[in-house]
Structure formats: structure tokens, C-alpha cells
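# A structural walkthrough
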Amino acid sequence: MKPAVTAVLGPTNTGKTHLAVERMCAHSSGVMGFPLRLLAREVYDRVVRLKGADQVALVTGEEKIVPPNARWHLCTVESMPEHDTAFVALDEAQLGTDAERGHVFTDRLLRRRGREETMILGSEALRPMIRDLVPEAEIIGRPRFSRLTYAGAKKISRLPKRSAIVAFSAEEVYAVAEMLRRLRGGAAVVMGALSPRTRNAQVAMFQAGEVDYLVATDAIGMGLNMDVAHVAFAGLHKFDGRRTRRLTVAEMAQIAGRAGRHQRDGTFGGIVEEGPGAFTPEEVFAIEEHRFPRIEHLYWRNGEPDMAGVDALIASLERRPEPGVLLPAPQSTDLAVLKRLAEEPWVRDRVRTPAMVRRLWAACGLPDFRKLGLDPHTRFVSRVFGYLSEGRGVVPNQWFADEVARLDTVAGDVETIAGRIAAIRSWAYIAQRPDWLADPAAGAERTRGIEERLSDGLHASLTQRFVDKRTTALIRQIGADSSLLPVVIGAEGEVLVEDHPIGRLDGFRFTVDPAARAGDRRLLLAAAEKRLAGERSRRADALVAAEDAGVSLDGAAIVWAGHPVAHLTPGPSLARPQIRLDRALDCLTRPQRDAVQARLVRWLAAAMARHLPAIAALAEAARDPQATPALRVVAGELEAAGGLIARLAVREPLDALDPDERKRLRRMGIVIGALDLFDPRLLKPGAARWRRALLAVRGDAPDLPREGASVLPRGAAGARLATGFRPLGAQAVRVDLVERIARAAHDARQGRKPFAPDPALATSMGVEPATFERLMAELGFRTVRHAPPGDAPATPAWVWHGRRPPRREERPVPPPTGAFAALAGWNRHG
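### Notes on the overall build of the chain
The secondary structure content of the chain amounts to 29 helices and 34 strands. By residue count, 51% of the 830 residues in the chain fall in the buried class. Here the contacts in the chain between residues at least 6 apart in sequence split such that 66% fall between residues at least 24 apart.

Spelled out as C-alpha cells, the structure:
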């Protein structure tokens, strides 16, 4: 009975591979060839669960698990064994069109047959080739189980969950994964260059729902089974090893077909709406309707080359196929390396027998896992063949051990570890050859252990770099009821979500955890702002209900519960500053902000009345329409100066005040002194700080003197009239003490007679003699020589001359400022 040959053709999601596995397991033995090591490993794990590990073999270039009694072999296409089996299957047979590996698929399509049954799995586009090359095959079409539809272009930030984003270079994969980490908490990464262990760990994260997105190369189009609902293309161009080109419609469909599972529909789309990265209407129609151009040619290379000599080998490999649907394969890497080595005299000297030709050809088949390029790879193969063709004919243990040990470290970033995995695959390939090492079993075990450690390290690095569990926890809550978000605010203001610290809430201001990377801050801030509204509303109510003692002034900042909630800004006058709420309160609703504003206005009015009653009263008098212009000028200038001004600055309007108006000033607390007008209460530390804060709002914040000081060295901090200290010679004396000395002097004099005031008062204050003399002169006294009766010597005495000369520092008198300048003109201009 002639063996059955069946071609099962159709789009993705048709269960072709699953059908072939079932048929293989129904036979006594079988071999299946796959395009990827990852896919071979996936099916191997499935068959092991069905038949047991002692019955199933895995054979790839870098890995061999072959139990002695193995009956079912899962392999990469290049590694399919030649021994006789009841069943043979070839997966993704349409890859016979691939420029680098297509000839291998074509050779298996033409030459490999099962003793009882052969299955060829592929795209519907392969139908003409099956009819021409395998006319005895029964062709079975398999429709897709579910519908695949175009969902349009979506930005990465708007992609639905369970999406796979496909890119076509490692750099682009990493860039997309990094963006997803920032926007959506992370993504799993799958690339053909990953080891099966790393790939499985990454897919397990995606399948378990630890991340909602997968970023992959087009390797996912080769039958890798994952629960993907939507496939988004990051681009539609790829570098195929020779040039950058646009994907064919069949390739687009192969990748897009990963969306959907069995009878669950799937969608596909892009991430750009227009330009070269966007689908055309014709491409969308072809993918949705599974209508692709038929494959008209496959690449072919002689699968049984002549091993009589190097030249014969090259000639047989370059032999062209018979005219028809087969095309000669482009020169692949192994043939290019062979031609380079054939030019070396030492190689020709050593390749004189068919066995050595076969050994050379096997060495040329060492894949360029590291993608070094032809010249570096040829040098590596040359060194390997040099060892294989001399002495014992094996790779030296020391070289192998040294090179392998150099790769046995997981230090470094993702790219570095991935590079080591690619390198260890070369040594694993060497170790899997039965006669390339003195102890191939030990070499295979060593490389497998290193690859597993590197794979675990790469998985950890990928997870650390592209997955943020804190952000993922927040993302899963977005769109849900805010009250359901498990937000915890600690005693120190720390904010945690599902035990993940995301930042701090200080007053009303949320600050993202400094440990979060810059790209995460916008997401964390948005999530926290949305869910902390309730807590902030509660704090706003507490602020509105707070006692006056719970609010304080720190500089120009109004502080509540240890955090600034508002700031004083310039207003119409010094006594009427404006209150501007801190930007942290922008998160509150308008009614809440208005309530907080009104509460702080009431607090400020009460605080001004308590700490600066005179300034508030002066502001009222300056705007009293019933007051005379003279009083309004004096009150306005005093208010603008913060309740303390030199008498000389308001001499003219002050002289025009009537007794009642002077009494009104005194009732406000203003002392009309001999040299200055001031409120003594402003000299107390608390009031002085408030006064300074008001002046700071206007841009004039004098340094405060040390507390309790009565006399300061001239030039010391606060030794100026604006802070209540009148400079006199080398010292500055507090204005209320100046007034006490002035009153004592006037009380001691008798008209215009010379007198000698008691200096004890000034001395007790720390006023030096020179300062005292300067003060007496400022008060309007002049010195004379006084001769007491008897023989006593003459002593200094003072005489009141009824006027005070203007001080050098006060000449000329500055004009009134602000709104009071016009009122002041009533006297100076008649």
C-alpha cells in the first residue's frame, strides 16, 4: 500500500499543527520538522505530556534530548533525522520561499516521507507548488476557526489588553516595550533569538496576566500559541538579511493571524494611521478574506551534494534545478563560508578524502548565531575546522572551556546578556556534534547549564527593565470605582497601592515616589490624582473648620498642618495683601477652593487685628472719607511704612493735625514721638515677624534684629529705622528708648536755661556718650559750657533751642508715595 501524503493548507488559527501532532501520536513513530527551535520545544513539551519523556526526543542545532527508546522526534527542519519512521510532518512549508533557508524546506518537501503517512502543513498560497511537486498528495483546506478583522490604527497608549505588538528589530522591540512600561505597566518580550527558557518565562507572565501586553518579532507568526486578542504592527518593513523591504501580504496575514484563539475572534491593526507603516485597503481586504497571491516558485539546492572533493561539493551545491517551479537558492551563509575556506591552501591540503570533505561541510554549517557577518564568522569556522582536521580531530578542551567560562556571567544589561546567549548557542552547537569534542556529553551539559543561567538572568533583566508591577497594579484599577482602589495613606503621608509605594501626600500635594523612573511619573500622578480626591476633599473640609491657632504664617506662606496652603501677594496696600492659594489646591473643586479662600481671608483679618492692630486701623483711617486730608496722608504714609516712620517724612501734614486727630492716632496705638511715629507693639518679636512678612510681600523685607536688643552696632542686622532702630553715630537705638530719653531730657530742662541731664538712663540702656550727644542734637538741644556757683569746674550743659536741624541722612525729605502724594500737595503747594 502506497504511503499517504496529505497537504493541510490554510490560514493561521486553523489547528493544523494540533492535527499533525494528533496524527503523529497515533502512529508507532514519527518526526516533525519546525521552522523555529522555540516552536519545536513547545510541541515537544506537549507530546511529552501525552507520551512520556522517555518516548519523545527534541533535536535542534543547539539542543538534543534523545532518550534511548525515543519514538517521536520534534526537530528544527535542518535537524530532521534521516532514519525511517512511520510518520513525517513538515510545518510551515511555504518557507521554501525564504532566501536563506528556503532550500531546506524544499528539500524536506521533496525527499522526506513517512513509512505510513506524510503531512505537509502550510499556507493556502502553497497549493500550486503541492500540485506540481507532490502530485500524489491529497490537499485538504482548513478554514480559520474564528474571524480576523481590521481594527484600524491605535496609539500604543490606547491598545486593548491582551495585545501583541510586532516589531522587526531588537532595538524596536525594546523601544516599544519601554513605552508600554511607562504607559501600561510593562510587557513581555518574545524574540526568535531568545532561548526557549527565557521565551517560556516571558510568555508565562503574559499568559498569567502579570502583564497585559506582549512585544515580539515576527517569530510569533510561526505557530507559537499565545492568548492574543489583538495584533498591532509597529511597522510594515523588515530587513531580510539583504535589504529592507515591505512585508508581503502573506507575511502580514501570518503574523496578524496570531490574534484570536480557536473560535474566539481576533483583530489586527497598526500604530500609525498613514504613511509607509499603515495598511492599504487592498492589504486589509486580502488579510480579512484570506486571499493571497499564490506561490509560483520555491528555492532549491541539491540535498545530496557530491563529497568527492571540495570543488565537486561546491559544484553540486551550485547546480541549478530542472526548468520548472524550482529556482536555484541564493548563496546562503554556509556555502559562502565554504567558498572562502576553499581558497585557503591549508584547507585544500587537509581535505583529500570524502570523509574530510564531509567534515568541512559540517563545520561550514555552524550557524552565525551572533550575527557577526561573513568575515568574522568565517574566521571562527576556520579555527574550528582547523582543530577538527588535525591531531585527534576534536576542539581542544581548554579553548572550549575558556570560551564557555567567559560567557558564564549574568552581569550586564539586556543586550549584553542576549549577546552571551547567542554566543553560547554556538558552543552548544559544537557540543551537540557527536565527534567534535573529546567529551561531547560533558560539553553539552556545561553549555546547557550556562544557557539556562543566562536565560534566567535575561528573563530577570527583561522583567526589571520592561515591567513595573506598581504601575501595572494602578493600570488594572483605572476605569474602576475610585472607592474600590486600595489606597493607603500612612502616618507620614506615604501613599501605597496594593502595598506598592507610589509617592507621598504632603498636605494637598502628591509627589511621585523618587524611585519611579521619569517616564512613570505622569502615569502615577494621573492615577493618584484621580483616586486621592476623597482624601483631599476631607482635608479641605478640615482646613475650613480649623481653629485660627492651627494656621500660621511662615514668611509669605500660609501654613496649615505643616504644609503651605496659600501665599500672600501684593494687594491695594500693605495692610490689605491678597491671598493666592497654593497650586497644590488646584485639585479641589471650585466650591472647595472658594470655601478655603474665604476661611483664610477670615484668618488673615483676625491675625492682622491680633498682631498688627495699628496697621489695620491706619489703613481704615487712610480711606476714611470723613477724615481730613492731613490725617489721611499721615495714616497712609504710616501704613505704607509698616507703622513706623520718621517724623521728618510727614512733618507738614503732621503739623496740620488738630488735637482730636492726634488723639485718634494715639487711640490706634501710634506714638507721636520727638523723632519718629511708631506703634511700640510692633517692636515685639511676634508682631515684628508679621510686619516683616507684609513688607516682604511688597519686595522690601528688612533683616530682623536679634530678639531683646535695645542698642545695636551700626551696620548690624536690623540696625535701621525700618526695623525700629534709629541709627545714631556708631550705634542704632530702638525708637521707643529714644523716645524715653527724649522725654527725660525735656522733663529735666527749665525753659531755655542750660541744664545737665542725668546720663544714667542712657548708660543703663547701653548708649555710648558719643551716641547720647548725637541723640541730644537730633532732639534739638545744643551744648554750652555751664559754670556752677562756687569754685566747681565748668561742666557740659545743654540748651533747648526750639528747633531740630534735619539729619544728614534725611536730607532732602522724600515726598509722600502712592495714593497719598496728591493729598500731601494740599500744604506744599498752598
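### Some thoughts on the sheet that holds strand β28 (residues 671-672)
Spatial strand order, β27-β29-β28: three strands in an open sheet with antiparallel pairing. The open sheet has two edge strands with one neighbour each: β27 (644-646) and β28. Of the strand pairs in this sheet, β27 and strand β29 (residues 676-678) are connected by three bridges, and their pairing is antiparallel. Bridge pairing in β29 links A646 to D676.

### Brief notes about the packing of aromatic side chains
Inspection of every chain in the model, using the stated rule, returns 15 aromatic pairs. Seen in terms of ring centroids, F268 and F279 are 5.5 Å apart; in terms of plane orientation they differ by 80°. Their pairing is edge-to-face. Residue F268 is found in strand β16 (residues 266-270), and its partner F279 is found in the loop between β16 and α8 (281-289); the two are separated by 11 residues along the sequence. Seen from their ring centres, W603 and W690 are 5.7 Å apart, and the 45° between their planes marks the pair as tilted. Placement of the pair is W603 in helix α20 (residues 590-611) and W690 in helix α25 (residues 685-697), with a sequence separation of 87 residues. The exposure classification of W603 matches that of W690, with both residues buried. Within the aromatic cluster, the residues linked to one another by ring pairs are F380, Y387, W399, F400 and W427. Looking at R162, its charged tip hangs above the ring of F206, at a distance of 3.8 Å from the centre.

### Things to note about the pairing of strand β2 (residues 30-34)
On a regular strand, each side chain points to the face opposite its neighbour's, so the side chains alternate between the two faces of the sheet. Among the five residues in β2, five count as buried, and that is most of the element. Alignment of β2 against strand β5 (residues 72-76), held across five bridges, turns out to be parallel. Each bridged residue has a counterpart across the sheet, and for G30 the counterpart in β5 is W72.

### Considerations on the pattern of salt bridges
Side chains that carry opposite charge are capable of pairing whenever their charged atoms lie near each other. A complete count under the given rule lists 47 salt bridges for this structure. Across the salt bridge formed by R37 and E62, the nearest N and O atoms sit 3.3 Å from each other. With R37 in helix α2 (residues 37-51) and E62 in the loop between β3 (56-59) and β4 (64-65), the pair connects residues that are 25 residues apart, well separated along the chain. Here R37 falls in the buried class, since its relative accessible area comes to 10%. Look at E62 and you get buried, because its relative accessible area is 7%. A salt bridge links R301 to D334, with the nearest nitrogen and oxygen atoms 3.1 Å apart. In this pair, R301 is assigned in the loop between β17 (298-300) and α9 (310-317) and D334 in helix α10 (residues 333-342), connecting sequence segments 33 residues apart. Each member of the pair, R301 together with D334, is buried. Residues joined in a network through salt bridges with shared partners are R37, R41, D45, E62, E63, R425 and E451.

### Focus on unusual backbone geometry
We note that R162 has phi near 65°; this positive angle belongs to a residue other than glycine. As for its position among the elements, R162 is in the loop between β9 (148-150) and β10 (163-166). Of note in the backbone geometry, A561 takes a positive phi value of approximately 55° without being a glycine. Relative to the elements of secondary structure, A561 occurs in the loop between β24 (557-560) and β25 (563-569). The exposed category is assigned to A561, whose relative accessible area is 55%.

### Overview of the nonpolar core
The biggest cluster of nonpolar side chains holds 66 residues, and the ones touching the most others in it are L338, L360, W427 and I430. L360 has contacts with V310, L338, L341, V347, V351 and F385, leaving out every residue within four places of it along the chain.

### Details of the sheet that holds β5
The eight strands lie next to each other as β4-β3-β5-β2-β6-β7-β1-β8, forming an open sheet whose pairing is mixed. The open sheet has two edge strands with one neighbour each: β4 and β8 (138-141). The strands touched by helix α1 (residues 16-25) are β1 (4-9), β2, β5, β6 (87-90) and β7 (117-122); relative to β7, the strand with the most contacts, the crossing angle is about 170°.

### Things to note about helix α7 (residues 249-256)
Burial analysis of α7 places six of its eight residues in the buried class, which makes it a mostly covered element. Within the sequence span of α7, burial applies to V249, M252, A253, Q254, I255 and A256.

### Points about α10
Across the 10 residues of α10, seven count as buried, placing the element largely inside the fold. What α10 keeps buried is the set D334, L335, A336, V337, L338, L341 and A342. Buried positions along α10 lie against α9, α11 (345-350), α12 (354-364) and α13 (374-388).

### Let's talk about the pairing of strand β12 (residues 213-216)
Burial along β12 is two-sided: Y213 and V215 and L214 and A216, pointing in opposite directions, are all buried. Sheet topology places β10 next to β12; four bridges connect them, and they run parallel. Directly across from V166, in β12, lies its bridge partner A216. Looking at chain direction, strand β11 (residues 188-190) and β12 are connected through three bridges and run parallel. The residue bridging A188 from the neighbouring strand is L214, located in β12. Traced from β11 through helix α6 (residues 196-207) to β12, the parallel crossover comes out right-handed.

### Some remarks on the environment of V404
By the element assignment, V404 lies in helix α14 (residues 397-406). Between the C-alpha atoms of V404 and R420, which are 16 residues apart in sequence, the distance is 9.7 Å. Sequence-distant contacts of V404, that is, excluding residues within four places in its chain, are made with I424, W427, R446, T447 and I450.

### Quick word on the confidence of the model for the chain
Chain-level statistics for the chain give a pLDDT mean of 85 and a share of 89% at 70 or above. Here residues 479-483 is modelled with pLDDT under 50, and outside its nearest four sequence neighbours on either side it reaches five contacts, counting other chains as well. Counting interchain partners and residues more than four positions distant, the pLDDT-below-50 stretch residues 804-830 has 48 contacts.

### A look at the packing of α9 against α12
Contact pair α9 / α12: the axes reach a minimum separation of 10 Å and the direction vectors enclose 50°. As summarised for this structure, α9 and α12 are arranged oblique, according to the angle between their axes. Here α9 and α12 pass one another in a crossing that is right-handed. On α12, the residues touching V310, L313 and L317 of α9 are V357, L360 and W361. The class makeup of the residues in the contact of α9 with α12 is six nonpolar, no polar and no charged.

### Points about the side chain of R593
Structurally, R593 can be placed in helix α20. Its relative accessible area of 17% is what places R593 among the buried residues. In terms of polar contacts, R593 uses its side chain to reach the side chain of D586, at 3.5 Å.

### What to know about the packing of α14 against helix α16 (residues 440-466)
Axis separation between α14 and α16 bottoms out at 10 Å; the angle between their running directions is 10°. In terms of axis orientation, α14 runs roughly parallel to α16. Taking contact as the criterion, the partners of F400, V404 and A405 in α14 are, on α16, G443, R446, T447 and I450. Residues that form the contact of α14 with α16 fall into these classes: four nonpolar, two polar and one charged.

### Re the environment of A363
Tracing the sequence through the fold places A363 in helix α12. You can call A363 buried: its relative accessible area is 1%. For the pair formed by A363 and W436, sequence separation is 73 residues and the distance between their alpha carbons is 9.6 Å. Discounting residues that sit within four places of it in the chain, A363 has contacts with V381, F385, L388 and W436.

Criteria and thresholds
- Residues numbered from 1 in each chain as written.
- Predicted model: local features only at pLDDT ≥ 70, side-chain atom pairs only at ≥ 80, totals over all residues.
- Heavy atoms only, no water.
- Helix = DSSP H or I, 4+ residues; strand = E, 2+ residues; numbered from the N terminus.
- Buried < 20%, exposed > 50% of the residue type's maximum accessible area, 1.4 Å probe, protein only.
- Contact = heavy atoms within 4.5 Å.
- Pairing = 2+ DSSP bridges.
- Phe/Tyr/Trp six-rings, centres within 6.5 Å; stacked < 30°, edge-to-face > 60°.
- Lys NZ or Arg CZ within 6 Å of the ring centre and 35° of its normal.
- Salt bridge = Lys/Arg side-chain N within 4 Å of Asp/Glu carboxyl O.
- Core = buried A, V, L, I, M, F, W, Y, C linked by side-chain atoms within 4.5 Å.
- Axes fitted to C-alpha atoms, helices over the stretch in contact; angles between N-to-C directions.
- Right-handed = clockwise from strand over helix to strand, strands pointing away.
- pLDDT = per-residue confidence, 0-100.
- Parallel < 35°, antiparallel > 145°, perpendicular 65-115°, else oblique.
- Left-handed = near helix turned anticlockwise from the far one by under 90°.
- Nonpolar A, V, L, I, M, F, W, Y, C, P; charged D, E, K, R; others polar.
- Polar contact = N/O pair within 3.5 Å; in protein donor to acceptor, adjacent residues only side chain to side chain.

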